[in-house]
Amino acid sequence: MPKFRFSKRHDFAWPLVVVIIAFGAFWLKPWQEKPQETISVQALGKTQVVPDIAKIDAQVESKNPNLDVARRENEQKIGTIIAKLKELGIEEKDIKTQYFSAGPGYEIQIFPAPRPNTNQLTTTLEITIRNFDNTNEVLAALTQNGATNLYGPNLTISDSKLEEAKSKAREDAVKNARGKAEELAKLSNRKLGQVVKIEEQGDFAFPPPIIAQSESDLKQKASIIEPGQNEITINLLVDFSLK
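Definitions and cut-offs
Residues numbered from 1 in each chain as written. Predicted model: local features only at pLDDT ≥ 70, side-chain atom pairs only at ≥ 80, totals over all residues. Heavy atoms only, no water. Helix = DSSP H or I, 4+ residues; strand = E, 2+ residues; numbered from the N terminus. Contact = heavy atoms within 4.5 Å. Areas by Shrake-Rupley, 256 points an atom, 1.4 Å probe, with all protein chains shown as cover. Salt bridge = Lys/Arg side-chain N within 4 Å of Asp/Glu carboxyl O. Buried < 20%, exposed > 50% of the residue type's maximum accessible area, 1.4 Å probe, protein only. Polar contact = N/O pair within 3.5 Å; in protein donor to acceptor, adjacent residues only side chain to side chain. Core = buried A, V, L, I, M, F, W, Y, C linked by side-chain atoms within 4.5 Å. Expected span 1.5 Å × (residues − 1).

Caption draft 1: Looking closely at the overall build of the chain. Along the chain, the regular secondary structure elements total five helices and eight strands. Each helix and strand of the chain, ordered N terminal to C terminal, gives the series α-β-β-α-β-β-α-β-α-β-β-α-β. Pairs at least 24 residues apart make up 81% of the contacts formed inside the chain by residues separated by at least 6 positions. Of the roughly 16,500 Å² of accessible surface on the chain, 55% is carried by carbon and sulfur atoms.

Right under this line is the structure:
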């Protein structure tokens, strides 16, 4: 039977080959993917939205030397107002007690110092109007049934409408981000690839409440808002791959 022998020269060469292969694998690192080259841009998206909700604060005040009597009188007025509002289609969820206060009432005089001459209890209701057509009827229901002070209306945006506006603003932001990234890629002699990451920066912004003074004023301001007062903005940070 033939016998195979390895010379000492070959015995020395094999370890050297193994070291070379190991060193090459460590240097080239074929198991690691080449890092993806990307470009990051920040873009703003905007959209316009029309207010569809009006909020009114109504104060109901009752006075009586006996504070408990003032409380009962106030409860009766509040009950009547709530019943009238419901008849006008205002839902229970849109009638909220903001706060109430009770304490002594003072004489209206400058000198000598005013003295307490009765007790008074005040309840403040927040009424949300979703149908601007019956605004005057709502105001009449308040003033004719014991409301002593009215504040508003303050025009705001419903949650569903706000979410819809934010979605449109995001679409606009992504479009603006791609346009900016394509311009930068062209200037660097590269081609723009796909979106690899999107991050929303901060929160959206919308205008502060607008004060209206009557039904006609409310309708007009609900449909014709000055520029910048009904603007929803979204700020995005978008990463694109480069080719």
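Caption draft 2: A look at the pattern of salt bridges. In total, this model carries 13 salt bridges according to the counting rule given. A salt bridge links E37 to R190, with the shortest nitrogen-to-oxygen separation between them at 2.6 Å. Separated by 153 residues along the polypeptide, E37 in the loop between α1 (8–28) and β1 (38–48) and R190 in the loop between α4 (159–187) and β6 (192–205) bring together distant segments of the chain. Assessed through its relative accessible area of 27%, R190 is described here as partly exposed. For E92, the salt bridge goes to K86, with nearest N and O atoms at 3.9 Å. Via salt bridges that share partners, D68, R71, R72 and E75 belong to a single interconnected network.

Caption draft 3: Local environment of the environment of P104. Among the structural elements, P104 can be located in strand β3 (residues 95–106). Residues P104 and N119, 15 residues apart in the sequence, show an inter-C-alpha distance of 4.2 Å.

Caption draft 4: Here's a closer look at the environment of N74. When you line up the elements, N74 lands in helix α2 (residues 67–87). Distance in space between the C-alpha atoms of N74 and L121 is 7.1 Å, their sequence separation being 47 residues. Ignoring anything within four residues of it in the chain, the contact list for N74 reads V60, E61, S62, L121, T122 and T123. Engagement of the side chain of N74 in a polar contact is seen with the side chain of S62, the distance being 3.3 Å. Within the structure, the side chain of N74 is placed 3.3 Å from the backbone oxygen of L121, a separation counted as a polar contact.

Caption draft 5: The environment of N176, seen in detail. Structurally, N176 is set in helix α4. Residues N176 and A43 lie 133 residues apart in sequence; the distance between their C-alpha atoms is 5.9 Å. For N176, the contacting residues outside a window of four places in its chain are A43, L44 and G45. Looking at N176, its side chain comes within polar contact range of the main-chain oxygen of L44, at 2.8 Å.

Caption draft 6: Representation of the side chain of T122 in the model. Inspection of the secondary structure puts T122 in strand β4 (residues 116–129). The residues contacting T122, other than those within four sequence positions of it, are Q59, V60, E61, N74, Y99, F100 and S101.

Caption draft 7: Spotlight on the nonpolar core. One finds I81, L85, I90, I127, I129, V138 and L142 to be the most contacted residues of the largest nonpolar core, which totals 18 residues. Among the elements of the structure, β2 (53–64), α2, β4, α3 (135–143) and β5 (147–156) are those that each provide at least two residues to this core. It is β2 that provides the largest number of residues to this core, a total of four residues. Excluding its chain neighbours within four sequence positions, the residues that come into contact with I127 are A54, K55, I56, A58, L85, I90, D94, V138 and L142.

Caption draft 8: Spotlight on α4. An ideal rise of 1.5 Å per residue puts 42 Å on 29 residues; α4 measures up with 42 Å between its terminal C-alpha atoms. Listed as buried for α4 are L162, A165, K166, A169, A173, A177, A181 and A185. Remark: N189 follows α4 within two positions and exhibits a positive phi of approximately 60°.

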